[in-house]
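Tertiary structure, described
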Amino acid sequence: MKTNSKNSTLMAWLLVLPALIIFLLMILYPFVNSIFISFTNKNLIFPKNDFIGFENYVKLLKDPNTIPLIWTTFKFVFFSTLCPFTLGLIWAILMNEKFKGSQFMRGLTLVNWIIPGIAIGFLWNWIFNGDYGILNALFNKLGIIDSNVIWLAGKQTSLIAVVTARTWQMFPWYMAFIMGALQGVPKELCEASRIDGANNIKVFHHVIIPSIKPVLMLILILGAISNLQHFDLINVMTNGGPERATSTFAIEVYKKAFKEYNLGRAAALGVIWAILLGGFSWVYLRNLKEEN
Amino acid sequence: MKKTLVILSIVTLVFSSVFAQGNQEVKTQEGMTWSNWSGSEEASKEMFKWMIDSFNENQPTDNKVVQINWPWGETESQLALRAQGSEKYDIAQIDIRMLPTLAEAGVLADLSKIFDNNYFTDNFAPGSISVGNFNGTQYGVPWTVAPMGMITNTQILKDSGVDFDIVTISDFEKALDMIKNNHPANTDNNAGNDVLPFAAMTKDGGTCAPDFMVWLWTFGASVFDANGNCSLDSREAIQAIEWFKSLSDKGYIQGAMGRGDSRTLFKEGRVAFYNDALLAKGSITNEKFGSIEDYAKPQVNPVLAKGDTPKASGWGHLLVIIDRSPKKADAKAFIEHLISKDVALKYFDKIGMLPSKKSVLSSDQVANDYWSNSWTPILDGGRLAETAGPNYSAYNSIIVENLQAVLSGSKTVDNAAADMVSRIENL
């Protein structure tokens with residue numbers, strides 16, 4: 001009996017071991033190493049690596065761009081999560097209805113999500129291009145504008161452009177999750193509500209939403225985490241500009257490390273970023289625990 | 001028994017995967033390694049393959065060249081990173097603006113110890129030699145060197161009634177005004193086909209800041225003064241920024257303009273002026289408008305007052321030897337092959353890269369070429385971006401962000417100038 005229990009424990013450890021090794025090597029070690037680097041003046045070009053205490057953090061706090069960076073990241077995360085979520089919810093409800101071609105439409109919708117971010121960036125860059133973009137051509141034809149708008153040159157319009165592209169990319173992901181949840185809502189419950197006199201809005205509000213709420217919460221948190229880490233679309237479309245209007249943590253850390261070669265400062269910014277991510281992850285895990 | 005077998009299998013799997021990398025035989029690369037970016041670009045891929053093959057034909061196995069490619073934007077960091085590791089590389093193609101960083105990082109070999117004493121003075125013009133020199137040491141062999149010029153669409157100028165030479169800033173402004181207000185595409189209501197007078201770079205630090213420096217120099221300003229202090233708040237610098245803003249206010253330039261956008265628009269006949277390097281020919285050739293001499297003409301940038309020397313942004317590619325290469329003599333032979341008459345003329349013919357060796361430059365093929373001939377007046381005025389060096393990207397970002405703020409009106413010229421100085425000094 002005792003030998004069996006020992007064997008089971010050993011077996012459990014061995015099964016966990018591959019994942020544990022990968023976690024230690026690929027996640028924990030780089031993370032701990034980044035924390036160490038954030039206290040040094042390590043540079044990508046020059047082989048220096050001196051301990052400088054909190055200097056990187058102090059410089060970041062004194063940098064007038066740090067607060068705007070947090071604010072821009074917040075705006076990007078907020079809108080890039082909420083917009084595709086809302087669109088995904090509406091689309092999922094529509095796609096959940098049985099109509100001719102609904103299966104095909106579901107598959108077609110997922111195409112956006114499959115296309116690589118870089119390609120989507122180039123595609124939307126072309127759409128929003130002020131001189132030969134299709135959006136200006138369309139708005140011109142419809143009489144909405146009478147001269148070209150340079151979308152990617154304005155602080156607000158460039159953020160709108162990036163959020164639009166991200167929304168287009170991600171709403172199928174939200175749709176897929178929500179559809180899965182919708183299909184789990186008991187039909188009898190909806191029918192019973194209707195017999196009791198509830199209209200569609202009431203059924204949606206009082207029956208469907210409470211039933212799929214755990215899934216909605218989880219995808220909102222996961223979506224926010226993913227947007228907090230998002231890099232490729234912004235990098236291709238605006239590279240964080242103009243005037244840093246679309247510069248998020250991911251863009252700034254990349255620039256600090258690989259364009260300015262300042263690994264110490266990039267690591268310090270990365271640590272602050274990780275703390276913010278940690279907040280979202282904590283909410284996610286708490287949610288998961290509550291659900292269980 | 002079954003459980004023990006499963007456990008044993010898992011142990012084997014885990015440890016074999018962990019140590020697989022360690023047991024892998026490290027293959028030593030024979031021959032020489034040439035790092036470049038042009039060899040992976042569609043336009044020059046075949047050319048680079050031919051350059052290497054034609055050299056390798058007559059070489060023993062341990063001297064054969066293999067190439068590794070990175071994108072242009074990654075070259076500087078990759079070369080520096082490799083210097084800290086043990087990976088093999090011997091020769092590299094670098095952009096002239098990468099030279100200060102790589103030289104300071106100790107990556108590059110001093111070529112005066114590899115080439116003969118008079119090799120550079122015998123073969124290259126002083127202007128070309130100087131672009132490969134950093135703090136008195138010759139690190140680079142000039143491969144193709146030609147400062148950036150102002151490329152003009154002569155057809156647009158004609159259609160707008162611009163029939164005078166553009167020499168000074170006021171000539172330039174007058175021409176921009178005529179294009180904006182007289183060109184047929186700008187006077188009708190079809191907004192989609194407007195002609196932009198000047199596609200000045202306004203999008204990213206890598207193009208906007210070095211291009212803007214040309215205007216700073218034209219107005220007698222500079223990014224740094226003689227003592228190395230940032231002087232972007234000087235009277236002349238403020239004058240240059242104000243002038244640049246006035247171009248935007250009058251609709252002569254526009255935001256979010258990158259080099260690729262300006263080339264596309266020029267090719268479509270929708271831009272009258274823009275700054276570019278000699279290699280732009282391939283990107284702006286459009287048979288719809290006839291031969292390139294019918295519509296495109298490179299010229300020097302306008303000056304503040306008649307008689308001033310036109311300013312231009314330095315541009316070019318260098319060939320360098322890596323300091324820790326054990327094959328410096330063979331690397332030298334490969335570089336000599338690349339700049340030899342046959343190879344350089346073929347490179348010029350196929351890609352349009354101007355040779356740098358005096359003997360090749362004077363050949364009929366180069367002398368009779370419209371595009372490179374038009375470049376001759378520009379060749380003398382090139383100056384490397386003042387921000388070139390390890391902080392290139394950081395400095396350029398600060399400049400472009402503040403310029404964008406001025407153009408959008410979110411900062412006054414004085415505030416932007418003060419911010420640039422403060423941020424550059426506190427970097």
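That block above? That's the structure.
Residues numbered from 1 in each chain as written. Chains lettered and ligands numbered in written order. Predicted model: local features only at pLDDT ≥ 70, side-chain atom pairs only at ≥ 80, totals over all residues.

What follows covers the overall build of chain A. A tally of helices and strands in chain A yields 13 helices and zero strands. Its helices and strands taken in sequence order, chain A reads α-α-α-α-α-α-α-α-α-α-α-α-α from the N to the C terminus. Here the C-alpha atoms of chain A give a radius of gyration of 24 Å, more than 25% beyond the 19 Å that 2.2 N^0.38 yields for 292 residues. Across its three principal directions, the C-alpha atoms of chain A cover 85 × 75 × 30 Å. (Helix = DSSP H or I, 4+ residues; strand = E, 2+ residues; numbered from the N terminus. Rg over C-alpha atoms; globule rule 2.2 N^0.38 Å.)

Glancing now at the overall build of chain B. For chain B, the count of helices and strands is 21 helices and 13 strands. Taking the principal axes of the C-alpha coordinates as reference, chain B spans close to 85 × 60 × 50 Å. Residues classed as buried in chain B amount to 46% of the 427 residues present. (Buried ≥ 20, exposed ≤ 12 C-beta atoms within 10 Å, placed from the backbone.)

With that settled, the discussion passes to the interface of chain B and chain A. Contacts between the two partners involve 32 residues from chain B, matched on the other side by 34 residues from chain A. Those elements that place two or more of their residues in the side of chain B that touches chain A are helix H1 (2–23), helix H3 (72–84), helix H12 (259–267) and helix H20 (392–408) of chain B. In terms of residue class, the side of chain B that touches chain A is built from 14 nonpolar, 11 polar and seven charged. (Contact = placed C-beta atoms within 7 Å. Nonpolar A, V, L, I, M, F, W, Y, C, P; charged D, E, K, R; others polar.)

Attention now goes to the sheet that holds strand E8 (residues 196–198) of chain B. Pairing between sheet strands relies on hydrogen bonds along the backbone, with the strands arranged either parallel or antiparallel. Residues and elements named next belong to chain B. Pairing within the open sheet is mixed, and its four strands lie in the order E8-E9-E7-E10. Two strands close off the open sheet at either side, each with one partner strand: E8 and strand E10 (296–299). Adjacent strand axes in the sheet meet at a mean angle of 30 degrees, parallel and antiparallel pairs treated alike. Both E8 and strand E9 (residues 271–276) contribute to a ladder of two bridges, which runs parallel. Pairing of Leu 196 across the sheet is with Val 271, part of E9. Against the sheet, H12 touches strand E7 (149–153), E8 and E9, its axis set at about 140 degrees to E9. (Pairing = 2+ DSSP bridges. Axes fitted to C-alpha atoms, helices over the stretch in contact; angles between N-to-C directions.)

Let us look at the sheet that holds strand E6 (residues 140–145) of chain B. Residues and elements named next belong to chain B. The strand order E2-E1-E3-E12-E6 describes an open sheet built from five strands, whose pairing is mixed. Every interior strand has two partners, whereas the edge strands, strand E2 (65–69) and E6, have only one. Each strand axis lies, on average, 25 degrees off the axis of its neighbour in the sheet, ignoring direction. As defined by bridge partners, strand E3 (residues 91–95) adjoins strand E12 (residues 316–321) across five bridges and the pair is classed as antiparallel. Across the sheet, the residue bridging to Gln 93 is Leu 319, located in E12.

The next subject is the packing of helix H8 (residues 155–182) of chain A against helix H10 (residues 200–228) of chain A. Residue and element names in this part refer to chain A. The contact between H8 and H10 brings their axes to 9 Å, and the two run at 160 degrees. Classified by the angle between their axes, H8 and H10 sit roughly antiparallel to one another. Between H8 and H10 the crossing geometry is right-handed. Contacts from Met 170, Tyr 174, Phe 177, Ile 178, Ala 181 and Leu 182 in H8 reach Ile 212, Val 215, Ile 219 and Gly 223 in H10. Tallied by class, residues from the contact of H8 with H10 come to nine nonpolar, one polar and no charged. (Parallel < 35°, antiparallel > 145°, perpendicular 65-115°, else oblique. Left-handed = near helix turned anticlockwise from the far one by under 90°.)

Residue and element names in this part refer to chain B. Here strand E1 (residues 32–36) pairs with E2 via five bridges, running parallel. Along E2, the bridge assignment pairs Trp 34 with Gln 67. Following the backbone out of E1, through helix H2 (residues 45–56) and into the adjacent parallel E2, one traces a crossover that is right-handed. (Right-handed = clockwise from strand over helix to strand, strands pointing away.)

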